[in-house]
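Structural overview for review
Residues per chain are reported as follows:
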Amino acid sequence: MNSEPASSLQNISRCILTSASLALACSAAQASDPLAGQLIHAFNRADLGTDPSGGVLRDSDGAYYGVTELGGSGNPLFAGTGTAYRISAAGAFSLLHVFAPDAGGIFPSSSLIRGPDGAFYGVTSGSNRDDDRGTVYRITASGQTSVLHQFSGSGTDGRFPSEALVLGSDGNFYGTTRFGGADDAGTVFRLTPAGGFTVLHAFAAGSGIPTSALVQGPDGSYYGTTLRFGGQAGGSVFRITPGGSLSTVHAFDLLTGISPESGLTLGRDGHFYGTTSSGGPRGGGVVYQLSTAGGFQMLHAFIDDNLPNVQDPNGTAPRARLLEGADNALYGTTVIGGRNQRGVVYKVTRSGEFTVLHHFDSPVGANPSTELTAAPDGTYYGTTLRGGMWNRGSVYRLLTKYGFDLDSTAPPAPSPGVPTIGAFVDVEVTLTEPSSAIVSVPYTATTSRRSLIPQFSTTPLDRVVFQPGQTRQTIRVQTRLPANVPQCDRDVVLTLGTAANAAPGDVITRTVALRSERPLPPNLCALL
């Protein structure tokens, strides 16, 4: 099922929370995008890395870690052979490591994963400048790097690893190489944390080329995808046991999609979810569901933008692994297509309801081909291969546009015989869309009437906090003196401020009137 991208926020009196937490942030999403894009870092210089490969990994310290395939040479005229970087929770970029033939390999080509020892592990597609053998490396949060395995490129080994490792339930790493093995058609391997290396399977010529990271299934086996398999060379999904027994789960064709480059995501429902970058009934790739037994269901078909006079606002060519959200929906990106022809972020439910969440533009980034990373505050992080200020890729953040209403409610009538503590007005703050994360909204309460002694208070003090799923909170504005004590009437202006995990937008205010039972004369209040 396909629907036009739309936001469920209503065009009524509302405010959109703004973000001021990241100094390098900039907004570049149009009003129709439910998610707004923030530029966290634009890659631009040879010494800091360019062309990010893989997404970002969030560590327990709240920072994000990733790699670039090029850069690090210190010379803007020479591309360099890759870097590892860190972005703090506040958005500060720092260089962790510069890859070199004698320093972990060259051209890091995949996302990092966290190992059982807390360090990060990844692969490079080269070992020296003139080969494509590659390495598996280990890097700490402080940048200390070591090679766990260097591929030989021989007939019994693999070469050119380009996809992320997966940590198995047995504590070992599993991965693939695109080439190498007896027929130079790629391998599946196992690597112990101590460096013990085993080839589990060498692909035969014509049996497909492994091009995605593996994922461990509920049966303990590992699942991956290949290109150029089958009669129509559409690719396949395969299963391999820890002992090395390999079988085909699904063979793709032009109708069900071809080129499954993204790899698989294991959903909480026990099914696998993935994408193909082309093919399908509309030519531009598909999103699919697959059971361990091979049951295939197409959830969405993208339109091929290469067709004459065709431009699909929903994007085309999805190549990133899907992320399963807290709402059980699947989140992904397309490399091209969309409003600006630079790719989109989309959401598709298990029933096939499809929504574009963000259209990329050059300032924030372009051509995303890596998986999204969910942050605890309900935002998402990712990388783009191009775009950013210098068109050498970016790290971006996606923020929800929260809509709010502010409505004053009449105070309840006083109970007989119960003294009134003070005049007050309750203001109901309504979140138009429930959030999957905590939304903390600061606000200010001001009055034009000056006073040496504070004459009113607000509860809660300076912010309202919505827990996940909540949509209503109340701000009480109250006089400090009992209502029957002579005092000045006051108009208090409430202004909702900014929240770190929300998108830039409008700010809403509401004026509430505090009225005393025995108001002082206005000319006297003017002097107080």
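Residues numbered from 1 in each chain as written. Predicted model: local features only at pLDDT ≥ 70, side-chain atom pairs only at ≥ 80, totals over all residues. Heavy atoms only, no water.

**Remarks on the overall build of the chain**
A tally of helices and strands in the chain yields one helix and 41 strands. Buried positions account for 52% of the 528 residues belonging to the chain. For the chain, long-range pairs separated by at least 24 residues make up 52% of all intrachain contacts whose partners lie at least 6 apart in sequence. Roughly 21400 Å² of accessible area belongs to the chain as shown, and the carbon and sulfur atoms make up 53% of that amount. (Helix = DSSP H or I, 4+ residues; strand = E, 2+ residues; numbered from the N terminus. Buried < 20%, exposed > 50% of the residue type's maximum accessible area, 1.4 Å probe, protein only. Contact = heavy atoms within 4.5 Å. Areas by Shrake-Rupley, 256 points an atom, 1.4 Å probe, with all protein chains shown as cover.)

**Regarding the environment of Phe229**
Relative to the assigned elements, Phe229 resides in the loop between β20 (222-227) and β21 (236-240). If sequence neighbours within four positions are ignored, Phe229 has contacts with Gly206, Ser207, Gly208, Gly234, Gly235, Ser236, Thr248 and Ala251.

**Digging into the pattern of salt bridges**
Scanning all chains against the criterion turns up 18 salt bridges. For Arg86, the salt bridge is made with Asp61, and the minimal N-O distance between the two is 3.3 Å. Note that Arg86 is positioned in strand β5 (residues 83-87) and Asp61 in the loop between β3 (57-58) and β4 (64-70), a separation of 25 residues in sequence. The class for Arg86 is partly exposed, based on a relative accessible area of 23%. (Salt bridge = Lys/Arg side-chain N within 4 Å of Asp/Glu carboxyl O.)

**With respect to the confidence of the model for the chain**
Averaged over all residues, the pLDDT of the chain is 85; the fraction at 70 or higher stands at 86%. Low confidence marks residues 1-31, where pLDDT is under 50. Its contacts with residues over four positions away, or in another chain, come to 108 contacts. (pLDDT = per-residue confidence, 0-100.)

**Let's talk about the sheet that holds strand β16 (residues 187-191)**
Neighbouring strands of a sheet are bound in pairs by backbone hydrogen bonds; such pairs are parallel or else antiparallel. Strand order in the open sheet formed by four strands is β13-β14-β16-β17, and the pairing between neighbours is antiparallel. Lying at the two open borders of the sheet, with one neighbouring strand each, are β13 (166-167) and β17 (197-202). Taken together, the two bridges between β13 and strand β14 (residues 173-177) define a ladder with antiparallel strand orientation. Bridging from a neighbouring strand, Leu167 pairs with Phe173 of β14. (Pairing = 2+ DSSP bridges.)

**Section: the sheet that holds strand β28 (residues 330-334)**
The antiparallel open sheet is built from four strands, whose spatial order is β27-β28-β29-β30. The open sheet terminates on both sides in strands that have one partner only, identified here as β27 (323-324) and β30 (354-359). Here β28 pairs with strand β29 (residues 344-348) via five bridges, running antiparallel. Each residue of the ladder has a partner; that of Thr333, found in β29, is Val345.

**A closer look at the packing of aromatic side chains**
This structure, assessed with the given rule, holds 23 aromatic pairs. Considering the side-chain rings of Tyr288 and Phe296, the 5.4 Å spacing of their centres and the 25° angle between planes classify their relative orientation as stacked. The exposure class assigned to Phe296 is partly exposed, which follows from its relative accessible area of 25%. The ring of Phe424 is capped by Arg476, whose NZ or CZ atom sits 3.9 Å from the centre of that ring. (Phe/Tyr/Trp six-rings, centres within 6.5 Å; stacked < 30°, edge-to-face > 60°. Lys NZ or Arg CZ within 6 Å of the ring centre and 35° of its normal.)

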